Amino acid sequence: MVLSSQNRMKTRLLTTLLFSAMLLLTNRWLSYQEGIDILKAADTHSYMTIAQAAPALPNLPSEAVLPTNHTARFIVPYLAGTVAHFTGIGYEWVFLLATLLFCAVVIWACHQMFEELRLDTTAYTLSMALLIFNPYMFRYYLAVPAMVNDVVFVAGLSLTLLGLLRGGFPLVLIGALVALAGRQNALVFLPAVALWMLWGEKWRTGGIVPALTRFVIVAASVVGAYLVIGHIIAPFSVRGMESDAIMGFLRWMLAPSAGKAKVLAEYGLRTVICLLFPLFIMLAILLERRLSGLSLKAALKLLPREFWFALAFVASLYGFAFLGGPELFMSGVTRYVSHTLPAMILAFGFMLKSYNSFGETKSAPMMMVSALCAMGSFHHMTTFGGTTSDRAMYFAVMYCILAIFAGVVAFASLRSQRD
């Protein structure tokens, strides 16, 4: 049994390393300026300004102060700049090392979540392929490492989810604070944390009062840290697009303009495209259960409440990303929504575990689905030899086709297993 467990762990480790190596070897690597020119990563100007001022804080003239939605994420750029200052390593290299570190944290945390769910090797491989090969998860940040704050947020979110899954209060607190250091979006997922900590399976011991106390400590720590950060950045910041990020979609809807239906359709596709692979496979699982005689209501009842708590994280971050509206967020909303992927993959894992999906499936169909995930990862701008944004629609169409095909293969595999 011990030998079998060791072989299983070796297989999973090798699978994860292979997927990660494929990602790194096929990614596009850009300089700091190329990231701004090619991928329009204008946020990096603020982060580099903070890094170059370290170990002091920026002392800027009034006309050159930075937007607060950027400076509120000063912690990691400041630390990166401090390391560069004292070691002599170039700023771009330090940002790259930080990005690789936090990407590794995301993968490690998701690996631990899959182990906590006790997914079999087939389900583990599929879940890890959906994470690593998602073209919006890691590729952009590897190409533009100065955008490390987004990966910091995703790493913090992943640690928070792992802590919730394990019933570990310290890890939840640490994860939430790390997420806040990356992006202010950590405030948005606090209601989902409350749901899990108050009603989650591993949080119910001791009654409602201890559970509520633990959540209040997490929420107060995150809000308190947010206020402290606001005080620190005030001398070199000016209010940015905070209001537009919340009210942008409503303002766009109320403003008179032609062609809104087409714009809204494109905006909708951009907000959902990064989740298509897990969504279509989950739909395939539910369809197979329905055709096997189980009603949709009965099938959904088999899912643990933690499945819905994970989706609450997806809904909160998805909704916040959508609120900015197409006028403000059209080009960046897919990247914002991609931050929900660890929560989406966790919900996916709960479904696989609850239905024992693919547990007895032959390896060939699942290898095909993983191969489709790998093919879908070749983003037109962030993959080696990438082009410009004029291929965006072509990539979107091909990605949708691959996701649908993955769902079809998964469904056929499940039906074959049932027969």
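Keep in mind it's a predicted model, so treat the numbers as computed, not measured.

What counts as what
Residues numbered from 1 in each chain as written. Predicted model: local features only at pLDDT ≥ 70, side-chain atom pairs only at ≥ 80, totals over all residues. Heavy atoms only, no water. Core = buried A, V, L, I, M, F, W, Y, C linked by side-chain atoms within 4.5 Å. Buried < 20%, exposed > 50% of the residue type's maximum accessible area, 1.4 Å probe, protein only. Contact = heavy atoms within 4.5 Å. Phe/Tyr/Trp six-rings, centres within 6.5 Å; stacked < 30°, edge-to-face > 60°. Patch = residues over 30% accessible without salt bridge, like charges linked within 9 Å, V, L, I, M, F, W, Y side chains within 5 Å. Areas by Shrake-Rupley, 256 points an atom, 1.4 Å probe, with all protein chains shown as cover. Salt bridge = Lys/Arg side-chain N within 4 Å of Asp/Glu carboxyl O. Helix = DSSP H or I, 4+ residues; strand = E, 2+ residues; numbered from the N terminus. Axes fitted to C-alpha atoms, helices over the stretch in contact; angles between N-to-C directions. Parallel < 35°, antiparallel > 145°, perpendicular 65-115°, else oblique. Left-handed = near helix turned anticlockwise from the far one by under 90°. Nonpolar A, V, L, I, M, F, W, Y, C, P; charged D, E, K, R; others polar.

Engineer: Honestly, the nonpolar core in this entry has me stumped. Any pointers?
Structural biologist: Nonpolar side chains in soluble globular proteins tend to end up buried together. Membership of the largest hydrophobic core comes to 135 residues, with the highest contact counts inside it found for Phe138, Trp196 and Phe313. Beyond its immediate chain neighbours, meaning those up to four positions away, Trp196 contacts Leu161, Leu164, Leu165, Trp203, Glu306, Phe309, Ala310, Phe313, Leu346 and Phe350.

Engineer: Where do I start with the packing of aromatic side chains in this structure?
Structural biologist: Two numbers describe a pair of aromatic rings. These are the distance of the centres and the angle of the planes. According to the stated counting rule, one finds 16 aromatic pairs in the structure shown. An angle of 65° between the planes, with centres 6.4 Å apart, marks the rings of Phe74 and Tyr78 as edge-to-face. Its relative accessible area of 8% is what places Phe74 among the buried residues. Through a chain of ring-to-ring contacts, three or more aromatic side chains come together here, namely Phe153, Phe189, Trp196, Phe309 and Phe313.

Engineer: I tried to follow a nonpolar patch on the surface on my own but got confused; where do I start?
Structural biologist: A cluster of nonpolar side chains, contributed by Ile246, Met247, Leu250, Met253, Leu254 and Leu323, occupies part of the molecular surface with about 550 Å² of accessible area. Top element by residues in the nonpolar patch is helix H13 (residues 242-254). It accounts for five residues. The topology assignment puts Leu250 in helix H13.

Engineer: Just to check I follow, could you spell out the pattern of salt bridges for this structure?
Structural biologist: When charged atoms on two side chains of opposite charge get close, those side chains can pair. Under the criterion given, the structure shown has ten salt bridges. Of the charged contacts in the structure, one is a salt bridge between Arg8 and Glu115, with a shortest N-O distance of 3.5 Å. Within this pair, whereas Arg8 is found in helix H1 (residues 2-26), its partner Glu115 is found in helix H6 (residues 91-116), the two being separated by 107 residues in sequence. Residue classification places Glu115 among the buried positions, given a relative accessible area of 19%. A salt bridge links Glu266 to Arg270; the shortest N-O distance between them is 3.1 Å. Here the residue Glu266 and the residue Arg270 both occupy positions in helix H14 (residues 260-272), the gap between them amounting to four residues, near one helical turn. Taking relative accessible area as the criterion, Glu266 reaches 34% and is therefore assigned partly exposed.

Engineer: Hey, could you run me through the packing of helix H15 (residues 276-291) against helix H20 (residues 341-355) in this one?
Structural biologist: Working note: a packed helix pair is described by the angle between its axes plus the distance between those axes. Put simply, H15 and H20 touch, their axes get as near as 10 Å, and they point 20° apart. Taken together, the axis directions place H15 and H20 in an arrangement best described as roughly parallel. The way H15 lies across H20 gives a crossing that is left-handed. Of the residues in H20, those in contact with Pro278, Leu279, Ile281, Met282, Ile285, Leu286 and Arg289 of H15 are Met344, Phe348, Met351, Leu352 and Tyr355. Partitioned by chemical class, the residues of the contact of H15 with H20 number eleven nonpolar, no polar and one charged.

Engineer: When you look at unusual backbone geometry in this model, what are you seeing that I'm missing?
Structural biologist: Peptide bonds are, in most cases, trans, and in most cases residues other than glycine have a negative phi. Cis geometry marks the peptide bond from Ala54 to Pro55, where omega comes out at 15°. Structurally, the position occupied by Pro55 is in the loop between helix H3 (43-53) and strand E1 (66-67). Even without being glycine, Arg118 reaches a positive phi, approximately 60°. Structurally, Arg118 can be placed in the loop between H6 and helix H7 (121-132). The phi dihedral of Asn356 is positive, around 50°, even though this residue is not glycine. Mapped onto the elements, Asn356 comes out in the loop between H20 and helix H21 (363-376).

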